[in-house]
Amino acid sequence: MQRTIQPILALLLALLPFGLLAQTQVVKGTVKDADSGLPLPGVNIVLTGSDPFLGTTTDLDGLFRLEGVPVGRQQFAVTFIGYKPLTIPNVLVTAGKEVVLDIALESSVEQLKEFEVTNTTSKDRPNNELAKVSARTFSLEEVTRYSGGRNDVARLATNFAGVSGANDSRNDIVVRGNSPTGLLWRVEGLPIGTTNHFSTLGTTGGPVSALNTNLLRSSDFLTGAFPAEYGNANAAVFDVNFRTGNRDKHEFTAQVSAFSGLEFMAEGPLSRKNGSSYLVSYRYGIASVAATGTSAIPYYQDLSFKVDLGRTKLGRFELFGMGGTSSIDFLGNEIDENDLFADPDNDAFFTNTIGLVGVKHFLQLDDKSYLKTVVGTTLLESEFLQDNILRDAASDQELLKYRATEATDREQRYTVSTQYNRKFSPRFTLRAGGIVEQYRIYSLVNDRDMRTDIPDANGDSIPDYFLTLRDVDESTPLVQAYAQGEYRFTDELEATFGLHGQYLDLNQDAMVEPRAALSWQFRPQQRLSVAYGLHGQSVPLPILLYQQPTADGGYARTNADLSFMKSHHAVLAYDRGLGNDWRLKLEAYHQWLFDLPVEPTPSSYSAVNEGADFVFTERGGLVSEGTGTNMGLELTVEKFFSKGYYALGTVSLFRSRYEGSDGVERSTAFDNGHVVNLLAGKEWPIGKNGRNALTFDTKFTTSGGRPYTPIDLAATRANGGREVLVEDEAFSLRYADYLRLDVKFGFRLNSAKGRVSHQFFVDLQNVTNRENVFVERYNPVTDQINEVTQIGFFPDFMYRIQF
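Since this is a predicted model, take the numbers as computed values, not measurements.

Engineer: Talk me through the pairing of strand β16 (residues 236-240); I want residue IDs and the actual numbers.
Structural biologist: Burial analysis of β16 places 5 of its 5 residues in the buried class, the great majority of the element. What you see with β16 is no split at all: A236, F238 and V240 on one side and V237 and D239 on the other are buried throughout. In this structure, strand β11 (residues 183-187) lies alongside β16, joined through 5 bridges in parallel fashion. Bridge pairing in β16 links R186 to D239. Alignment of strand β15 (residues 219-222) against β16, held across 3 bridges, turns out to be antiparallel. If you follow F221 over to β16, its bridge partner there is F238.

Engineer: I'd love a proper account of the pattern of salt bridges, names of residues and values included.
Structural biologist: Summed over all chains, the structure comprises 62 salt bridges. Close ionic contact of E587 with R176 constitutes a salt bridge, the shortest N to O distance being 2.6 Å. With E587 in strand β33 (residues 582-598) and R176 in the loop between β10 (174-175) and β11, the pair connects residues that are 411 residues apart, well separated along the chain. Looking at E587, the relative accessible area reads 4%, which means it is buried. R176 sits in the buried class, given a relative accessible area of 1%. Within the structure, one salt-bridge network assembled from shared partners comprises D35, K84, E106, K132, E486, R488, E494 and R527.

Engineer: Any details on the side chain of K306? Residues and values, ideally.
Structural biologist: Considering the arrangement of structural elements, one finds K306 in strand β20 (residues 298-312). A polar contact of 3.4 Å, which involves the side chain of K306, links it to the side chain of E188. A distance of 2.9 Å separates the side chain of K306 from the backbone oxygen of F242, its partner in a polar contact. Apart from residues no more than four positions distant in its own chain, K306 is found in contact with E188, F242, R243, T244, S277, Y278, L279, E318, L319 and F320.

Engineer: Which residues make up unusual backbone geometry, and what values go with them?
Structural biologist: For the bond running from D51 to P52, omega is 5 degrees, close enough to zero to count as cis. Turning to its location among the elements, P52 is positioned in the loop between β2 (44-47) and β3 (55-57). One non-glycine residue, S134, adopts positive backbone phi at about 50 degrees. With respect to the secondary-structure elements, S134 resides in the loop between β7 (99-105) and β8 (135-138).

The rules behind each value
Residues numbered from 1 in each chain as written. Predicted model: local features only at pLDDT ≥ 70, side-chain atom pairs only at ≥ 80, totals over all residues. Heavy atoms only, no water. Buried < 20%, exposed > 50% of the residue type's maximum accessible area, 1.4 Å probe, protein only. Helix = DSSP H or I, 4+ residues; strand = E, 2+ residues; numbered from the N terminus. Pairing = 2+ DSSP bridges. Salt bridge = Lys/Arg side-chain N within 4 Å of Asp/Glu carboxyl O. Polar contact = N/O pair within 3.5 Å; in protein donor to acceptor, adjacent residues only side chain to side chain. Contact = heavy atoms within 4.5 Å.

Next up, the structure:
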């Protein structure tokens, strides 16, 4: 590995002294109607405060190009008759890459009203204009700006109110007390189970993201009461989109990072005549550097791309995709007993493949409507093999190994999604569509790891046979349809209303979900919003497909008839702008969960607690009769980047409770109680005309300790070391509060003689080296219940060059 990295670093360093030719750069992009998607000609785009004046207008295709924009952070004003004016602040202009802005203007229903141009691109207004509450847009620059983020959009989300991610080893996110399994990932309109390396069936998180943030354009993150177009999700939605490659010139990016690895990205025009372009990036993980929480070495790589075929007579076509592989071997003789993932009495081997490829077609039907269709497929495949090591009791020497677990899972989806959008008038817009996902599922899990219920007839300490926990090879469709309208009574008062329906053929279950929202800007910088939605999600596949042993020695799929897990979401939100740069946001919410899988006899078990680990609990014969509630209050105070600094503070107070079939109300596994985030950053311009900058960012996070169920030590010993929990005391104990402080230092360099820019940072994560608790678990080495802590101090770094 060292021999591989050294020549790459040498190449990057050789590029560093490139002299610089331009202290200005091109800013370009497209302006469209937010409701109809129609390009808008004649829109004015002005660099605010420019002297001499610098501005331009869009052409017939809604395109604009503004040359001579100074490097640094800039602000642009966008105005057009009949539309609400827009200000785009904090646009980072560098020498090495042209800036592309995708702008959507909202039409005014009060055509002759005079507007004051204000900072209306606040993060409380997402790209999806039908989302009125609990939604935020995020950008590439935010992902890389905040300390502790590891270039991961999921970890970025943990900075937002209502989100908890107190796990240094995985990027599972808990939203408003819900299980991470309730998260919907959607990439370019294609639903996918997860976007992470080292993922397993049914989970949404993982140790390392396969989603390359350098390809992202502004995307949305929604945490409750979603618009009707989103389905099969109870907790949150990541609606992620790739940006389009530069249509005018070829540009390149090289990057090296401790966590996301080595990367090279290229983009540029395919044909300037029709505006086609390409964008492609490859990453290779720096294995030994990125390993956190284990002494085993992970290997991973991924490729992402987008090809825009430009304007054609049949509309606009885009090809996009991402794919990656990952693997890790845990060898018992090389594993410490405090390893977060492995056991010194096992050899375990894990491989994973993730893939997504699709075609998007955009057709402008007339001057008021469009049709957008996405066709694609996604693949999630993993294999886990475990060999148990038998050792001599006296000498601890290895005697023999035997295969204890074999698990192969493959989930492939073939998806067709189509959406019709029509702007009937400046007041009313309708959006309707459907999604068909054909699941192709193969899952085979054989296990005999520490199972005392399997006989050992010959006394060799090896169970005589395997239990088959899953044996599935079949296809099933999930069909969704939706319609949602938006009506603007005035420019200050707007309402949305819609329905979402879905049907899962595997268990022949269907449901209809109403959605509605009302938003009222009762003063120039104050807005009050309320929203409601019924949301349903299919039971995670490891639970739905579980096979339970029967008395005759066979197996039965006893969870196959479980219905959609359902949740009523109600949200009340208040937003207030504090001048041009500050914002205060307060949201209160209540969620009523029902039809949750629980056991038919009195028990504390509920599927609401699943999803924060690599595997699911083995429970059969479940019934859809469980309930739960999530309620909370969230405060966000934010200073958007201006005058050289930014600040963000979020406080989330919440309660997450559930009832199993025993009728006892308990904390869920995700009932942390509170989460507090404090972030701040400062830039100091340096060099001629302030074209370069020194940067400083910091983040402090604390959250309440996670509830957990105590382990019955005596019963665990009698069960061959397989943990037995005291289920009557489920989630009655709590780990200590989570605390972490991150500090990040960096600089940006825009060369004075060539279009080259450099960025470098060192991100010192958990600088106090606090030993946050990861888990308490039975340790077969000590034969006791031991506490395992999360990773301590971890330095991340990144160097990027763009030219």
